[in-house]
Amino acid sequence: MTRLCLIAGDGIGREVVQAARQVLEALAVPAEFVEAEAGWETFQRTGNALPEQTLAAVQAANSTLFGAVSSPSQRVAGYRSPIVGMRKAIDLYACVRPVQTPPLANARAGVNLVVVRENTEGLYSGQETREGDERATAQRIITRQASERIVQWAVQYAQRTGRRKITVVHKANVLRETCGLFRETALRVLSDAPDLQVEEMLVDNAAYQLARAPERFEVLVTTNLFGDILSDVASVWGGGLGLAASANYGTRTAVFEPVHGSAPDIAGQGIANPLATLSASVLMLEFVGLNSYAERLQTAIQAVLANGPYTPDLAGAATTAEVVQAVIDQF
Ligand code: NAI
Ligand code: MG
């Protein structure tokens, strides 16, 4: 039996993961659910934002749905972001964010792209030092192995989903060694995929092109920091934070999440949009091979997006529960 781990987290994370569980149960997904805890509330209670049992539950599950956690903006001794900790501990090396035109009035038509981001090194290698009061440095680490792995992932994804173009995003004209190694490795991997059209683009131009002509992209593959920023730029076209989903794939398991955070400004009011988490659930069902369930859920989400009801972030007045019921009514 497929085992799915659910981590609600803090704030609206709890509301949207509960909503997803309700929907998955109504869909009669043949899976068992295991709940695990993480986040700020967990840290305050136990001194650890990502307890060992949670990590073990994620590793033992076929896949995990992660809500959102609150992170303090100031340094708090002992606190580490659980999502970053999980990426490291389980080697979730591919961070993937699909962006598609939603069936909403005024949406930009024709957008169907995916940002594939290397998730374990680059400028987020964690090797940062403060040298006295006046200077701080961060190491940007790029390895051939991690570059190869992420580009291979992007190639397989493109082939599996029938996409024909890959854009390699870098800044090798300035970062000659780090981006140079990424670029060289990417182009070599891609030379083994003659069915794909390959294009390279400097990161600043990629941001510009994503803002002005998003429909020209199919799959973008890039390093950690660039991917972080470009995926936020791209998500504008997918209908915003209430709808955006992302996936973190490792070699053995994967963690799916809404892009949004714990939204303390609306937490507890029952008005969080559950659709981002439901879209993340679609990706999760596909990952564990429950494709027909994924399709039914995706169709239901699209129908609710086209006809409402809408939560306040989409200019409606519906509650989370009303949107959940509308999705379930589609089954
Ligand atoms: P946020 O994504 O929580 O909220 C930004 C704005 O979007 C807020 O006005 C919020 O009400 C709205 N919003 C977000 N999701 C929504 C939804 N599903 N439905 C309706 N409206 C929604 O980002 P913010 O405010 O910067 O961060 C709040 C907390 O969340 C912080 O502690 C931050 O560290 C954490 N965070 C956690 C993330 C994660 O767990 N992956 C990601 C981003 C932020
Ligand atoms: Mg981000």
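The rules we used
Residues numbered from 1 in each chain as written. Chains lettered and ligands numbered in written order. Predicted model: local features only at pLDDT ≥ 70, side-chain atom pairs only at ≥ 80, totals over all residues. Heavy atoms only, no water. Helix = DSSP H or I, 4+ residues; strand = E, 2+ residues; numbered from the N terminus. Rg over C-alpha atoms; globule rule 2.2 N^0.38 Å. Contact = heavy atoms within 4.5 Å. Areas by Shrake-Rupley, 256 points an atom, 1.4 Å probe, with all protein chains shown as cover. Lys, Arg positive; Asp, Glu negative; His and termini not counted. Charge placed at Lys NZ, Arg CZ, Asp CG, Glu CD. Near = heavy atom within 4 Å. Polar contact = N/O pair within 3.5 Å; in protein donor to acceptor, adjacent residues only side chain to side chain. Nonpolar A, V, L, I, M, F, W, Y, C, P; charged D, E, K, R; others polar. Domains from an automatic or database assignment. Buried area = accessible area lost by both parts, 1.4 Å probe.

Engineer: How would you explain the overall build of the chain if you had to name every residue and give the values?
Structural biologist: Tallying secondary structure elements over the chain gives 11 helices and 12 strands in all. Over its C-alpha trace the chain gives a radius of gyration of 20 Å, about what one expects of a compact globule, namely 20 Å for 331 residues. For the chain, the spread of C-alpha atoms along the three principal axes comes to 55 × 45 × 40 Å. The contacts of the chain with a sequence gap of at least 6 include a subset with a gap of at least 24, amounting to 73%. Of the roughly 15000 Å² that the chain leaves accessible, carbon and sulfur atoms contribute 48%. Of the side-chain charges in the chain, 28 are positive and 34 negative, and the distance between the mean point of each set is 5 Å.

Engineer: Any details on the site of ligand 1? Residues and values, ideally.
Structural biologist: By nearness alone, 18 residues border ligand 1, and Ser71, Gly261, Ala263, Asp265 and Asn273 come closest of all. Note that a nitrogen atom of ligand 1 is positioned 3.5 Å from one of the side-chain N or O atoms of Glu257. Within the backbone of Asn273, a nitrogen or oxygen atom sits 2.9 Å from a nitrogen atom of ligand 1. Taken together, the residues that form the shell around ligand 1 break down as nine nonpolar, six polar and three charged.

Engineer: Break down the domain arrangement of the chain for me, with residues and values.
Structural biologist: Taken domain by domain, the chain consists of domain 1 (1-93 + 243-331) and domain 2 (108-238). For domain 1 versus domain 2, the separation of C-alpha centres amounts to 25 Å. Between domain 1 and domain 2, the contact holds nine residues from the first and 11 residues from the second. Roughly 870 Å² is buried in total at the junction of domain 1 and domain 2, and carbon and sulfur atoms are behind 49% of that figure. Looking at the side of domain 1 facing domain 2, the largest losses of area belong to Arg87, Tyr93 and Tyr249, adding up to 59% of the total buried there.

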